[in-house]
Amino acid sequence: MKVWIFMGSKSDTEIMASAEETLKNASIPCETFIHSAHRQPEKIRELIEKAKDEGVVAIIAGAGLAAHLPGFIASMTDIPVLGVPLPASTLGGMDSLLSIVQMPSGVPVATFGIGKHGAKNAAIFASRLYRQLQNK
């Protein structure tokens, strides 16, 4: 079992590193991917199609601006998707927060706070999911 972390751009690495660090400190196996939902949708689709076979129990997806990535991933899987809005615009991440939290019915994304604190909380939440499944 493991957790996957997605972000759309290398510029998101600094913020999303707090999720990776939190998972590693909790001894939760994780993998990190940098793929844009707008520029590399097929690459993301290929990965998501293999996620269950890879033992993925949760996917943390950080996104800024239009924040398409978490919803795009959630539309393709029933693995829990944890969205982290990133402060990539002059709106400080409010645009990302509203985009991620307003998914249409049937495309659930658990949405966390903006930035590093949200990334860390998403990782803590994913750790709890991991531990619950591990204890079954």
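Here, the structure is the one placed above.
Now for a quick tour of the structure. (Residues numbered from 1 in each chain as written. Predicted model: local features only at pLDDT ≥ 70, side-chain atom pairs only at ≥ 80, totals over all residues. Heavy atoms only, no water.)

## Concerning the packing of aromatic side chains
In the structure shown here, the tally under the stated rule is 4 aromatic pairs. An angle of 65° between the planes, with centres 6.1 Å apart, marks the rings of W4 and F6 as edge-to-face. According to the relative accessible area criterion, W4 is buried, its value standing at 2%. We classify F6 as buried; its relative accessible area is 0%. (Phe/Tyr/Trp six-rings, centres within 6.5 Å; stacked < 30°, edge-to-face > 60°. Buried < 20%, exposed > 50% of the residue type's maximum accessible area, 1.4 Å probe, protein only.)

## Overview of the pattern of salt bridges
For the structure shown, the criterion picks out 6 salt bridges. K2 is paired through a salt bridge with E31; the nearest N and O atoms lie 2.6 Å apart. A residue pair is termed long-range when its members are at least 10 positions apart, and K2 in strand β1 (residues 2-7) and E31 in strand β2 (residues 30-34) qualify at 29 residues. Overall, K2 belongs to the buried group, its relative accessible area being 14%. Across the pair K52 and D78 runs a salt bridge, and its minimum N-O distance is 2.5 Å. Taken together, the residues span a long stretch of sequence, with K52 in the loop between α2 (41-50) and β3 (56-64) and D78 in the loop between α3 (69-74) and β4 (81-86) at a distance of 26 residues. D78 sits in the exposed class, given a relative accessible area of 58%. (Salt bridge = Lys/Arg side-chain N within 4 Å of Asp/Glu carboxyl O. Helix = DSSP H or I, 4+ residues; strand = E, 2+ residues; numbered from the N terminus.)

## Let's talk about the pairing of β4
Of all 6 residues that make up β4, 6 are buried, and the element is covered over most of its length. In terms of strand pairing, β3 meets β4 through 6 bridges, oriented parallel. By the bridge assignment, A61 is partnered in β4 with G83. Viewed along the sheet, the connection from β3 through α3 into β4 turns out right-handed. The parallel pair β4 and strand β5 (residues 110-111), bridged by helix α4 (residues 94-101), forms a crossover whose chirality is right-handed. (Pairing = 2+ DSSP bridges. Right-handed = clockwise from strand over helix to strand, strands pointing away.)

## Points about the sheet that holds β5
Read across the open sheet, the 5 strands follow the order β2-β1-β3-β4-β5; overall the sheet is parallel. Every other strand in the sheet has two partners, leaving β2 and β5 as the edge strands with one partner each. In terms of strand pairing, β4 meets β5 through 2 bridges, oriented parallel. Opposite L82, over in β5, you have A110 as the bridge partner.

## Quick notes on the side chain of S36
Within the secondary structure, S36 is located in the loop between β2 and α2. Here the side chain of S36 touches H38 through a polar contact of 3.1 Å, landing on its backbone nitrogen. In this view, S36 contacts G8, P41 and I44; residues no more than four positions away in its chain are not counted. (Polar contact = N/O pair within 3.5 Å; in protein donor to acceptor, adjacent residues only side chain to side chain. Contact = heavy atoms within 4.5 Å.)

That is the geometry; function is a separate question.
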